[in-house]
Amino acid sequence: MTAIQEKTLASEIRADFPILHQEIHGKPLIYLDSAATSQKPLAVLDALSHYYEKDNANVHRGAHSLSIRATEGYEGSRDKLAKFVNAASRQEIIFTRNATEAINLVAYSWGLNHLQPGDEIITSVMEHHSNFVPWQIIAKQTGAVIKYVPLTENEDFDLEEFKALLSEKTKLVALVHVSNTLGCINPVEEVIQLAHEKGVKVLVDACQSVPHMAIDVQKMDCDWLVASGHKMCGPSGVGFLYGKQAILEEMPPFLGGGEMINEVFFDGFTCGELPHKFEAGTPAIGEAIALGAAVDYLTSIGMDKIHDYEQELTAHLFKKLAEVPNIRVYGPLPSKEGKGRASLAAFNVEGIHGSDLSTLLDQEGIAIRSGHHCTQPLHRLFEASGSARVSLHFYNTYEEIDQFVKILKETIDFFTNIMG
Ligand code: C6P
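Residue numbers here run from 1 along each chain, matching the order of that chain's written sequence. Owing to the predicted nature of the model, reporting of local features is limited to residues with pLDDT of at least 70; listing and counting of side-chain atom pairs is limited to 80 or more, with chain, interface and lining totals taken over all residues. Think of the side-chain values as coming from all heavy atoms in the structure, minus any hydrogens and water.

## A closer look at the environment of Ile-261
What counts, and what does not: Numbering of helices and strands runs from the N terminus, with a helix taken as a DSSP run of H or I at least four residues long and a strand as a DSSP run of E at least two residues long. By definition, residues are in contact when any of their heavy atoms lie within 4.5 Å.
Here Ile-261 is to be found in strand E11 (residues 261-265). Apart from residues no more than four positions distant in its own chain, Ile-261 is found in contact with Phe-269, Thr-270, Cys-271 and Gly-272.

## Quick look at the environment of Leu-360
By the element assignment, Leu-360 lies in helix H13 (residues 354-363). Here the alpha-carbon distance between Leu-360 and Val-210, two residues 150 residues apart in the chain, equals 31 Å. Not counting residues up to four positions away in its chain, the partners in contact with Leu-360 are Thr-411, Phe-414 and Phe-415.

## What about the pairing of strand E4 (residues 93-96)?
Formally: Classification of residues uses two cut-offs on accessible area relative to the type maximum, computed with a 1.4 Å probe and protein chains only: under 20% is buried, over 50% is exposed, and between them is partly exposed. Strand pairing requires that DSSP identify at least two bridges connecting the strands.
The side-chain alternation of E4 yields two buried faces, one formed by Ile-93 and Phe-95 and the other by Ile-94 and Thr-96. As defined by bridge partners, E4 adjoins strand E10 (residues 239-243) across four bridges and the pair is classed as antiparallel. Looking at E10, one finds that Ile-93 is bridged to Tyr-242.

## Topic: the side chain of Glu-259
Keep this limit in mind: N or O atoms within 3.5 Å of each other form a polar contact, as long as, within protein, one can give a hydrogen and the other can take it, and as long as residues adjacent in sequence are counted only when both atoms are side-chain atoms.
Along the polypeptide, Glu-259 turns up in the loop between helix H10 (245-250) and E11. Accessibility expressed as a relative area gives 16% for Glu-259, which makes it buried. Of the polar contacts made by the side chain of Glu-259, one reaches the side chain of Arg-61; its length is 3.2 Å.

## Section: the sheet that holds strand E16 (residues 369-371)
The cut-off we apply is this: Angular values range over 0 to 180 degrees, each being the angle between N-to-C directions of two axes fitted as lines to C-alpha atoms, with helices fitted over their stretch in contact.
Taken in spatial order, the four strands line up as E13-E14-E17-E16 in an open sheet, and their pairing is antiparallel. The sheet is open, and its two edges are formed by strand E13 (327-329) and E16, each paired on a single side. The mean inter-strand angle of the sheet, taken between neighbouring strand axes irrespective of direction, is 30°. Contacts from helix H12 (residues 303-321) reach E13, strand E14 (344-349) and strand E17 (387-391) within the one sheet, and its direction differs from that of E14 by about 10°.

## Comments concerning empty space enclosed by the protein
One water molecule sets the probe size; rolling that probe over the atoms shows where empty space is left. Using the following cut-off: Here a cavity is any set of points on a 1 Å grid over the protein atoms alone where a 1.4 Å probe fits but cannot get out, and a pocket is any open set with protein on both sides within 12 Å along at least 5 of 7 lines; a residue lines the site when it has an atom within 4 Å of a point. Grid points are joined across faces, edges and corners, and a volume is the space filled by probe spheres set on the points. Polar here means any residue other than Ala, Val, Leu, Ile, Met, Phe, Trp, Tyr, Cys and Pro, which are nonpolar, and Asp, Glu, Lys and Arg, which are charged; Gly is therefore polar. Reported domain spans reflect what an automatic or database domain assignment gives.
Scanning the entire structure with this criterion turns up two cavities of 30 Å³ or more. If you add up the space inside the largest cavity, you get close to 60 Å³. Ile-185, Gln-208, His-212, Met-213, His-307, Glu-310, Gln-311, Thr-314, Arg-341, Ala-342 and Ser-343 together form the lining of the largest cavity. Residue composition of the lining of the largest cavity, grouped by class: three nonpolar, six polar and two charged. Both domains that meet at the lining of the largest cavity, namely domain 1 (5-31 + 302-415) and domain 2 (45-299), each give it at least three residues. Of the pockets and cavities examined, the second largest cavity occupies roughly 50 Å³. Lining the second largest cavity are Ser-34, Ala-35, Gln-208, His-212, Ala-342, Ser-343, Leu-344, Ser-391 and Leu-392.

## Points about the domain arrangement of the protein chain
Applicable threshold: Throughout, buried area stands for the accessible area (probe radius 1.4 Å) lost by two parts on being put together, summed over both. A pair is scored as a salt bridge if a Lys or Arg side-chain nitrogen falls within 4 Å of a carboxyl oxygen belonging to Asp or Glu.
We note that the domain assignment places domain 1 (5-31 + 302-415) and domain 2 (45-299) within the protein chain. The C-alpha-based centres of domain 1 and domain 2 are spaced at 28 Å. At the boundary of domain 1 with domain 2, total buried surface from both sides reaches about 2,500 Å², with 63% on carbon and sulfur atoms. When residues of domain 1 are sorted by the area they lose upon contact with domain 2, Met-303, Pro-332 and Leu-378 head the list and together hold 24% of the total. Where Glu-155 meets Arg-328, a salt bridge forms, and the shortest distance between an N and an O atom there is 2.7 Å. Taken together, the links from domain 1 to domain 2 amount to 16 residue pairs in polar contact (both at pLDDT 80 or more). Among the secondary structure elements, those contributing two or more residues to the side of domain 1 that touches domain 2 are H12, E13, E14 and helix H14 (376-381). Split into classes, the residues belonging to the side of domain 1 that touches domain 2 amount to 18 nonpolar, eleven polar and six charged.

Take a look at the structure:
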């Protein structure tokens, strides 16, 4: 380890993550699957157990002390999230189960009511299924047509093709900020500006960017943005939708039931105010509170510091991956400093199945993902049924990357030898 590496962000905060300090198959765990879900710091685990041990009650309903505390915690988390992404008001943050539900909320509430036969939705070939399937369902119901932005030669978002697709027929752009497979960071601000010039609304899938970089929804000027708590050091079962207040105001409710109403009669109901209009039923209260603790935790470190450190890790990862024989990494290459790409790499090694690689790496305590990562159409373009994927977060170290690449090379040698 060099003197500089000794003082990495990971070395300062790793003790906060109890799960990382264990052995798998007798080897220290090396967790390289944070794009699937991130690990949780003690502060988040404590917030969750504190809620269930001390404050557990339903929100917005009771006048008793526990219910008041639960409501304050839940609504306090909304304030924290609003500040975290710089929303103009707390009414613009809707708690959902995850990013997938948030996209469905927009698709069913806005899409069904605004799209007409022949209208066009622009998305890209690299989207997660969560940003394909809801639009495919809505397109089928409304007669709208989906257009897919292709990739450039170096497997990045093709902005020129996007410009060519954008037309008077376009009503919506639904685009991923950071691809969970290509690792590219898409030019969402430019896309939004171009779309808005034509009066087109834009939804940003920020699942893989919110946990890794500072997000400012007002600066970005997106109409909606979605993310999942479990990828940003929070618990699973809670995510959020950001939407511009004026747009959310005119959208009808997605789900009906308790919490989202103002008054109910035998012959109808009136809607509650934002944000409750979109939060039908008892929400994931403890999880939302713990997500607030995750936001506090990330903020206390600083999103710019996290992003800078992850860029260093990305540069190191790609330097090391260049040593691996017969490897095909998908997506654009980062700069020497790790810029222009997120801290993940999906790859295939000639002649070896990704799931065989991940199974053997697991025997060495190394957790990577294999499969299609819910980007099947993209994998089909690459004529691959799936890939292996390594994905980093700020608790990962240089040494873990070195060990991963060492074991990967040994595994490839092993397969090469048995295949003759
Ligand atoms: N990607 C991965 O391993 P949910 O399931 O709703 O929390 O997140 C869906 C989702 C949406 N968009 C992007 C860009 C994503 O990466 C994901 C989740 C995980 O890559 C699970 S497939």
